[in-house]
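Given next are the chains, with one letter for each unit.
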Amino acid sequence: MNIAIIPARKNSKRIKNKNIKKFFSKPIIYYPIEKCIGSKIFDQIIISSDSNEYIKLIKKKFINCLFHKRTKKNSNHMSTTRDFLNEIINYYKFNDQTKFCCIYPCNPLLSKNTLTKTYNKFRKNKYDLLFTISKSSIGKEALFSLKKGLIDQNSISAENSLNSQYQKKYFRDCGQLYWFNKTHIIKEKNLFKGKIGTHILKENEYHDIDNDIDWEIAKLKFKIVLYRKIVFSCGFQTMPKN
């Protein structure tokens, strides 16, 4: 059995009601739900929220989803992803063979292709956990800290002076989705300990939305992806020039 879990906590700090804010014509959380349904991977989609308002809104469109009212303990900003996932797994008593995918709600660029590829990779390689990553434009060698307004010399890496092409390549968590098995999420306090797999996304396949500027950038990316789909469906092999 494959279970998708989409968290939708109400009190987002930087963007009010971010998880249900309209992204073009519909609430942003509708996009990942629709992709989960369209992928035909999941036997059940669980929406986990602390808000009756959110549940009511989502239930109007997706009546076949399972709605989990999160406890107060796991609804504050101090609760972790592992905390509310454990709550759901224990509440519904899923068996050890169940595969789970936690998918974050502000995910309009998520594609069925990403869901399929990550699921197949997770299952084939028998990972404890698999998550999406992207190449970081800045390696840790290029970073430094300040002390009283001046560069802290102790924070400068020996590789800082190297040209960027010779620096190590680093990756970052996209904050998009995590495939995992029941045993791993219950036993491991550190989710990234064990047999951990990754799937690299391109820049146009995700955008981490933390503030209003991120929101507008995500909208631009969404338009570009949509435009490319229209262009290629018309038979063009490359993007037409102006």
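Residues numbered from 1 in each chain as written. Predicted model: local features only at pLDDT ≥ 70, side-chain atom pairs only at ≥ 80, totals over all residues. Heavy atoms only, no water.

**Thoughts on the pairing of strand 4 (residues 44–49)**
Then, in step 1: Of all 6 residues making up strand 4, 5 are buried, and the element is well covered by its neighbours.
Then, in step 2: As judged from the 5 bridges shared by strand 1 (residues 2–7) and strand 4, these two strands associate in the parallel manner. In the sheet register, I6 faces strand 4, and the bridge partner there is I47.
Then, in step 3: Sheet analysis places strand 4 next to strand 5 (residues 66–69), joined by 4 bridges and oriented parallel. Residue pairing in the sheet places I47 in a bridge with F67 of strand 5.
Then, in step 4: As for the winding sense of the linkage, the β-α-β connection from strand 4 through helix 2 (residues 52–61) to strand 5 is right-handed. (Buried < 20%, exposed > 50% of the residue type's maximum accessible area, 1.4 Å probe, protein only. Helix = DSSP H or I, 4+ residues; strand = E, 2+ residues; numbered from the N terminus. Pairing = 2+ DSSP bridges. Right-handed = clockwise from strand over helix to strand, strands pointing away.)

**Some thoughts on the nonpolar core**
Then, in step 1: Counting 28 residues, the largest nonpolar core has F42, I47, I103 and W179 as the members making the most contacts within it.
Then, in step 2: Where this core is concerned, the elements lending two or more residues are strand 1, helix 1 (30–39), strand 4, helix 2, strand 6 (99–103), helix 4 (112–125) and strand 10 (171–181).
Then, in step 3: Each residue touching W179, except ones within four places of it in the same chain, is listed here: I41, F42, K99, F100, C101, L115, T118, Y119, F122, D128, L129 and L130.
Then, in step 4: Counting residues in each nonpolar core, the second largest holds 17 residues, with I46, L85, I89 and L129 among its members. (Core = buried A, V, L, I, M, F, W, Y, C linked by side-chain atoms within 4.5 Å. Contact = heavy atoms within 4.5 Å.)

**Quick notes on helix 2**
Then, in step 1: Residues of helix 2 that are buried include every one of Y54, I55 and I58, and no others. Axial view of helix 2: buried residues confined to an arc of 95°, hence all on one face. For helix 2, exposure combined with an orientation more than 90 degrees from the buried face picks out N52, K56 and K60.
Then, in step 2: Check the buried side of helix 2 and you find it contacts helix 1, strand 4 and strand 5. (Arc of directions from axis to C-beta.)

**A word on the confidence of the model for the chain**
Then, in step 1: With 87% of its residues at a pLDDT of 70 or more, the chain shows a mean pLDDT of 86.
Then, in step 2: Element-level mean pLDDT values for the chain span from 74 in strand 9 (residues 150–151) up to 97 in helix 1. (pLDDT = per-residue confidence, 0-100.)

**Details of the environment of A218**
Then, in step 1: For A218, the location among the structural elements is in helix 6 (residues 212–233).
Then, in step 2: Separated by 111 residues in sequence, A218 and N107 have C-alpha atoms that sit 9.2 Å apart.
Then, in step 3: Beyond its immediate chain neighbours, meaning those up to four positions away, A218 contacts F23, H207 and I209.

**Focus on the sheet that holds strand 4**
Then, in step 1: The 7 strands lie next to each other as 5-4-1-6-10-7-11, forming an open sheet whose pairing is mixed. Unpaired on one side and paired on the other, strand 5 and strand 11 (196–200) mark the two borders of the sheet. Neighbour to neighbour, the strand axes of the sheet diverge by 25° on average, direction disregarded.
Then, in step 2: Pairing between strand 6 and strand 10: 5 bridges, direction antiparallel. Bridge assignment links C102 to a residue of strand 10, and that residue is Y178.
Then, in step 3: Packed on one face of the sheet, helix 2 meets strand 4 and strand 5 and runs near 175° to strand 5. (Axes fitted to C-alpha atoms, helices over the stretch in contact; angles between N-to-C directions.)

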